[in-house]
Amino acid sequence: MDWHGHPGATVDADRLIGLRALAQSSLPRLAETGRPGSHAGRKRGSGLDIRDIRPYADGDDFRHMDAMATARTGKPHVRTFHEDQDRTAMLVVDFRHTMLWGTRGRLRSVLAAELAALAGWRMLSAGGRVGMLAFSDRDSVFQPPRERDTAMVRIAGSLAQAHRQALDALAAGDRVAGVGLEAHIDRVARLVPRGATVVLATGLDDGEGVAEQAIRPLLRLARVEIFLIRDAFERDPPQRNLPYFSEDGVLRWGAFTKDEKSTENRIRALRDIGATVRVIDSDTVLEEVAEELYADAR
C-alpha cells in the first residue's frame, strides 16, 4: 500500500511548522530571566535569584550568609534562592510499528508528531530551546536542543523524514526487534540538561510496568509529560471477530476487548511517580483542543 500523500498517514513538515501560530495563541510569553534557556522555578534551590532572607537554621550553608541582615538584626541571617529550571524541551516521538496504524482520522504516529511539534513551539514561544529524538523499530534520529524558530523547522523536517522511513520499512516487511522504550529513555536521560522537560508521545505499547520502570530514573533529572495516543478502536472496539496479523505475521481471527482497568492502572502508576499523562484520541482536532491540552497539569 502506498501511504505517501495520504493526509492521515503522512507527517507533513509544513503542517508541523504551521502549528507555530496555534502554539503561540494558546500560551502567553513568559518573562525572561536574562539567562538563556532557563527560568527561576518556585522551589527553593541553588540558583542565582534570591527567594528570601531568613534567620539562620542548623544545616544552612554559611556561604549564603547575608551580611547586611545579620548586622542589622544582630542575629545571623541567610539568603535562600529559587531553583533554576532549564527551559529546554526534548521531544521524544515513538514511530515504532505499534504506532503506525489508525482506524479514524490519522495514524497514531501522525498525531504523536503533531503533539510533539505543538509542545516544541510552545517552548520556543516561552523563550526556550527544543531538541528531538524520534525512534522506529530500526533507527533513531536526534536533533540537539536549539533556540529560535529554525530549531523547530529542522525538527519538523526530521520528523517527516523519520516517519516516512518507518512507513517504508513497514510496507517492505523490513521490521526487526528494535530497541525497547527503556533504552531510548535512558539515552534521553544522558542528553537532556537537568531541569528540562521531556515530552514523550507514544502509545505505551511495551507491556505492563515497562514505561514506569523506564521513566522513573528520568524524573530525577527532568519533568516528564506523556501524550498517550489512543485510537478509536482502542476506545470502543467492535464487538465481533476481526482478522488481524499476529506478531509473527500469521493471519488470525479474534475479538478485541477494551482493557480499561489495565490502562487506568498504568496511567495512575505513571502519575504516582510524578509524570504528567494526557490521553489524546487519534481523531482529535488539535485546533479545537490546544488550550485544553495544557489546562490540567496533573
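Just so it is clear, the model here is predicted, and its values are computed rather than measured.

Caption draft 1: Focus on the environment of E225. Its place among the elements puts E225 in strand β7 (residues 223–230). Counting along the chain gives 51 residues from E225 to T276, while the straight-line C-alpha distance between them is 4.6 Å.

Caption draft 2: Focus on the sheet that holds β7. What the 6 strands build is an open sheet, ordered β5-β4-β3-β6-β7-β10; its pairing is mixed. Both outer strands of the open sheet, β5 (140–146) and β10 (276–281), are each paired with one neighbouring strand and no more. The mean inter-strand angle of the sheet, taken between neighbouring strand axes irrespective of direction, is 15 degrees. In this sheet, β5 lies alongside strand β4 (residues 129–135) in antiparallel orientation, the contact comprising 5 bridges. Bridge assignment links V130 to a residue of β5, and that residue is R146.

Caption draft 3: Layout of the pairing of strand β6 (residues 197–202). Buried residues dominate β6, accounting for 6 of its 6 residues. Across the two faces of β6 the burial is the same, with T197, V199 and A201 and V198, L200 and T202 all buried. Sheet topology places strand β3 (residues 88–94) next to β6; 5 bridges connect them, and they run parallel. By the bridge assignment, L91 is partnered in β6 with V199.

Caption draft 4: View of the packing of helix α3 (residues 108–125) against helix α4 (residues 149–171). Packing of α3 against α4 leaves a shortest axis separation of 10 Å and a crossing angle of 170 degrees. Taken together, the axes of α3 and α4 are roughly antiparallel relative to one another. Facing S109, V110, A113, A117, G120, W121 and L124 of α3, the residues of α4 in contact are D149, M152, L159 and H163. A class-by-class count of the residues in the contact of α3 with α4 yields 7 nonpolar, 3 polar and 1 charged.

Caption draft 5: A look at the pattern of salt bridges. The final tally for this structure, using the stated rule, is 15 salt bridges. The salt bridge partner of E114 is R15, with a shortest N-O separation of 3.3 Å. Taken together, the residues E114 in helix α3 and R15 in helix α1 (residues 13–25) connect sequence positions 99 residues apart. With relative accessibility at 25%, the residue R15 sits in the partly exposed group. In this structure, R20 engages D149 in a salt bridge whose closest nitrogen and oxygen atoms are separated by 2.8 Å.

Caption draft 6: A look at unusual backbone geometry. Backbone geometry places R148, a non-glycine residue, at a positive phi of 70 degrees. Mapping R148 onto the fold places it in the loop between β5 and α4. Exposure remark for R148: the relative accessible area of 65% places this residue in the exposed category. In this structure, L204 takes a positive phi of about 50 degrees despite not being glycine. Considering the arrangement of structural elements, one finds L204 in the loop between β6 and α6 (210–218). Since its relative accessible area comes to 5%, L204 is described here as buried.

Analysis parameters
- Residues numbered from 1 in each chain as written.
- Predicted model: local features only at pLDDT ≥ 70, side-chain atom pairs only at ≥ 80, totals over all residues.
- Heavy atoms only, no water.
- Helix = DSSP H or I, 4+ residues; strand = E, 2+ residues; numbered from the N terminus.
- Pairing = 2+ DSSP bridges.
- Axes fitted to C-alpha atoms, helices over the stretch in contact; angles between N-to-C directions.
- Buried < 20%, exposed > 50% of the residue type's maximum accessible area, 1.4 Å probe, protein only.
- Parallel < 35°, antiparallel > 145°, perpendicular 65-115°, else oblique.
- Contact = heavy atoms within 4.5 Å.
- Nonpolar A, V, L, I, M, F, W, Y, C, P; charged D, E, K, R; others polar.
- Salt bridge = Lys/Arg side-chain N within 4 Å of Asp/Glu carboxyl O.

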